[in-house]
Amino acid sequence: MAALRNRLSSKLEENVNTYTENMSEEELFSFAEYKEENTEKTGYSNYSYWRSTLQSFCKNKVAVFLVFVVLGILLFTFIQPLLPSQYDPNAINNDASGLQYRNIAPGAQFWFGTNSIGQDLWARIWAGTRNSLFIGISVACIEAFVGIIAGVLWGYVRKLDWIFTEIYNVLDNIPNTIILILVSYILKPSVKTLIFAMCLTGWIQMARFIRNQVIIIRDREYNLASRCVGSSTPKIIVRNLLPYLVSVIMLRMALSIPAAIGNEVFITYIGLGLPTNIPSLGGLINDGRALMMSPSLRYQLIFPTIVVSIVTISFYIIGNAFSDAADPKNHI
Amino acid sequence: MSKYLFQRILRSLLTLVIIITIVFVLMRQMPIEGYFENFDKLTEEQIQVGLEGMGLLDPMPVQVVNFYKQLLNGDLGMSRRYRANVPVVDILSTKIPVSVKLGSLSILVSLLVGLPMGMNMARFKGKWFDKFGTLFIVFIQAVPAAVYFLFIQLYGSTLLKVPLLFDASKPLCWVLPVISMSLGNIAYYAMWLRRYMVDESTKDYVRLASAKGVAENKIMTRHIFRNAFVPLVQYLPTSFLNTVIGSIYIESLYSIPGMGGLLVDVIKKNDNNMVQAIVLLYATVGVIGLLLGDILMTLVDPRISLKNKGGGR
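Residues numbered from 1 in each chain as written. Chains lettered and ligands numbered in written order. Predicted model: local features only at pLDDT ≥ 70, side-chain atom pairs only at ≥ 80, totals over all residues.

The helix and strand tally for chain A stands at 13 helices and zero strands. Along chain A, from the amino end to the carboxyl end, the secondary structure elements read α-α-α-α-α-α-α-α-α-α-α-α-α. Counting only residues that meet the buried cut, chain A has 35% of its 332 residues in that class. Sequence-distant contacts, at least 24 apart, represent 68% of the contacts inside chain A between residues at least 6 apart. (Helix = DSSP H or I, 4+ residues; strand = E, 2+ residues; numbered from the N terminus. Buried ≥ 20, exposed ≤ 12 C-beta atoms within 10 Å, placed from the backbone. Contact = placed C-beta atoms within 7 Å.)

Okay, the overall build of chain B next. A count of helical and extended segments in chain B gives 12 helices and two strands. Expressed as lengths along the three principal axes of its C-alpha atoms, the size of chain B is roughly 85 × 55 × 30 Å. Relative to its full complement of 313 residues, chain B shows a buried share of 34%. Long-range contacts, defined here as pairs at least 24 residues apart, represent 73% of the contacts in chain B between residues at least 6 apart.

Interface extent is often summarised as the accessible area lost during association of the parts. Taken residue by residue, the interface counts 32 residues in chain B and 29 residues in chain A. Listing elements by their share of the side of chain B that touches chain A, those giving two or more residues are α1 (2-28), α5 (128-142), α6 (145-160), α10 (235-253), α11 (259-268) and α12 (272-300) of chain B. Residue contributions to the side of chain B that touches chain A peak at seven residues, all from α12 of chain B. Its residues assigned to classes, the side of chain B that touches chain A comprises 26 nonpolar, five polar and one charged. (Nonpolar A, V, L, I, M, F, W, Y, C, P; charged D, E, K, R; others polar.)

Relative to each other, helix α13 (residues 299-326) of chain A and α5 of chain B sit at 120°, their axes nearing to 9 Å. In this structure, the crossing between α13 of chain A and α5 of chain B has a hand that is right-handed. Contacts between α13 of chain A and α5 of chain B involve T312, I313 and Y316 of chain A from the first element and V138, Q141 and A142 of chain B from the second. Looking at the contact of α13 of chain A with α5 of chain B, its residues break down into four nonpolar, two polar and no charged. (Axes fitted to C-alpha atoms, helices over the stretch in contact; angles between N-to-C directions. Left-handed = near helix turned anticlockwise from the far one by under 90°.)

We now examine the confidence of the model for chain B. Residue and element names in this part refer to chain B. Mean pLDDT over chain B stands at 81; residues scoring 70 or higher make up 93%. Segment residues 308-313 is flagged for pLDDT under 50; beyond a separation of four residues in sequence, or across chains, it makes three contacts in the model. What the predictor reports for the complex is a pTM of 0.78 with an ipTM of 0.77. (pLDDT = per-residue confidence, 0-100.)

Another aspect to go through is the nonpolar core. By size, the foremost hydrophobic cluster in this structure holds 110 residues, and its most contacted members are I278, V279 and A283 of chain B. Among the elements that take part in this core, helix α11 (residues 233-270) of chain A stands out by supplying 15 residues, more than any other. Excluding its chain neighbours within four sequence positions, the residues that come into contact with V279 of chain B are I178 and L182 of chain A together with V23 of chain B. Within the second largest apolar cluster, 18 residues are counted, among which are L193, Y196, M197 and F229 of chain B. (Core = buried A, V, L, I, M, F, W, Y, C linked by C-beta atoms within 7 Å.)

The next subject is α11 of chain B. Residues and elements named next belong to chain B. Counting buried residues along α11, seven of its 10 residues qualify, which places the element largely inside the surrounding structure. Within α11, the full set of buried residues consists of M259, G260, G261, L262, L263, V266 and I267. The positive-phi residue at the C-terminal boundary of α11 is N270, with phi of around 55°.

The bulk of non-glycine residues show a negative phi, and the bulk of peptide bonds are trans. Residues and elements named next belong to chain B. Not every positive phi belongs to a glycine, and S255 is a case in point at roughly 45°. Looking at the secondary structure, you find S255 in the loop between α10 and α11. The exposure class assigned to S255 is partly exposed, which follows from the 13 C-beta atoms found within 10 Å.

So, about helix α4 (residues 88-123) of chain B. Spanning 36 residues, α4 of chain B covers 51 Å between terminal C-alpha atoms, matching the ideal 52 Å at 1.5 Å per step. In the structure, α4 of chain B departs most strongly from a straight axis at K95 of chain B, where the bend amounts to approximately 30° and where the proline P97 of chain B lies between one and four residues downstream. (Expected span 1.5 Å × (residues − 1). Bend = angle between axes of the 7 residues up to and from the residue.)

Residue and element names in this part refer to chain A. Packing of helix α4 (residues 49-58) against α13 brings their axes to within 8 Å, and their N-to-C directions diverge by 135°. In terms of orientation, α4 and α13 fall into the oblique class. Remark: the crossing between α4 and α13 carries right-handed chirality. Of the residues in α13, those touching α4 at T53, S56 and F57 are A321, F322, A325 and A326. Grouping the constituent residues of the contact of α4 with α13 by class yields five nonpolar, two polar and no charged. (Parallel < 35°, antiparallel > 145°, perpendicular 65-115°, else oblique.)

Its location among the elements puts V264 of chain B in helix α11. The sequence separation of V264 of chain B and I91 of chain B amounts to 173 residues, and the corresponding C-alpha distance is 14 Å. For V264 of chain B, the residues in contact, after removing those within four places along its chain, are I270 of chain A together with I248 and S252 of chain B.

Right, let's talk about the confidence of the model for chain A for a bit. Chain-level pLDDT for chain A is 81 on average; 89% of the residues reach the 70-or-more range. The element-level mean pLDDT for chain A is lowest in helix α3 (residues 36-42) of chain A, coming to 64, with helix α5 (residues 61-79) of chain A highest at 90.

Right, here's the structure in full:
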């Protein structure tokens, strides 16, 4: 290692000497251009944070595969209604004599079978996946957005500290599940209510984490230097602080999606979930649960659970892999 | 120490007062059906008289003060819809012991399984036991609990040949609920203990011990474990409470006559007073849990002194 460094630095010196010999004063004090062959000589690299992140993420084959799985599922939830001969997820299907197709086992006509009132399970599962993913992704984004802003304010503006600390004390002391139940109980069940109830507890955790990091980093030398040359506070926050936190923010976002889907299943079970004309994975699992005692109808529980498991495990693994990859300490 | 303790308890009390007030005010925004047993059959006049009798027409601050007066007398109001005009306290007092018993059993199981699991995962880091354990942890943390609970109930009950629903007199009936409730905590304890132990095992005192020729077993249990367990101690009371909370789903699945199942029942019946009482109970328990966690931490680790910290967290 030492030998290599010596060689590199002697090369560097040689290089600089030959380079500067015939230069005028002005040339010496202007920016140099980036040249690929020069980097070989000096060890200067055009390091890019996002490219390195992507490179180390791609090394994790399982995670890359799961990204495609999730994207595929997400895409398919939108493509599925456009495919030929699909049923409407809310339509009750009748046979020729006007009777409902109740609890038909999976087959050629109904790929995943029908439920107890004759709705097509295949269509319902994809519509439900779309709604559940929508809830999960919205929750993750809102939490991150509110959490980052609140966290930065909390860490940077001293006067706001006690207000946020008080809010944190209250929210942290009540179990999340209870807040979730209370809010969904008071408001009317709808997609908006669910998203609101889930975001109500999640943002403060994100904010607290960011606040702690901000307090640790804000007075480091590079930020002091930045302040000395006159960078404005917003610029310091956006350029100096937030990139440092990307890996953890992404991890939290990725994990809050499966958590939101799980919460939705739970809230639906309690009876505070979405109305039945808005299919969701939680609602489907709950419908399937009611029938799980008869083995021939168990498919109504098993199909939604498989989808839920694939989606949640994928997000969990992708999130962890990405946060490893986004940590600059793991680059190179 | 006692000064800090006093301040810390005072803080918890303050937080509790804020929580109770917020919950109380929020619950007043609910539709008034939740205060009557047979709302549909009542005339407008009867409703007004009823509301006045319950003090629900007073201005909000008066209501809050009255509520605190009641609370100090240990009165949580009456149940209206779940059971007509029975004091909430009477209903709760029969349910709480069941939940506490279930929760304690489950914590015991999760400590007995989770700690050795984490310890062995740290010890055989990178070997098959570690990989197997990691897989288990990923599964438990990623898949919603509401989903795997169902399958435990479904296949477990056929495996053990027990009825789906709970029967307190049969010991075998306790097995499935307790296992379901423990899985999350087992994963939690194993994951963190493994991480702390792995961090701890590269430290100098461990090297010294192994240089002196202390057996590996003894280093693991006597040296590393003790230090790695300290951060987990703080979580212990909270995890006990979370277990009691997590039981909302379990208790209602197996129809266990405890608090969690009760909460689901009263929500379905829109009984405002009952919901309020149970939510407040859980919140109180949460506050106490965090308080106990902080106190336990100082007892276990003599290096942590609360004196220098000043008030608050």
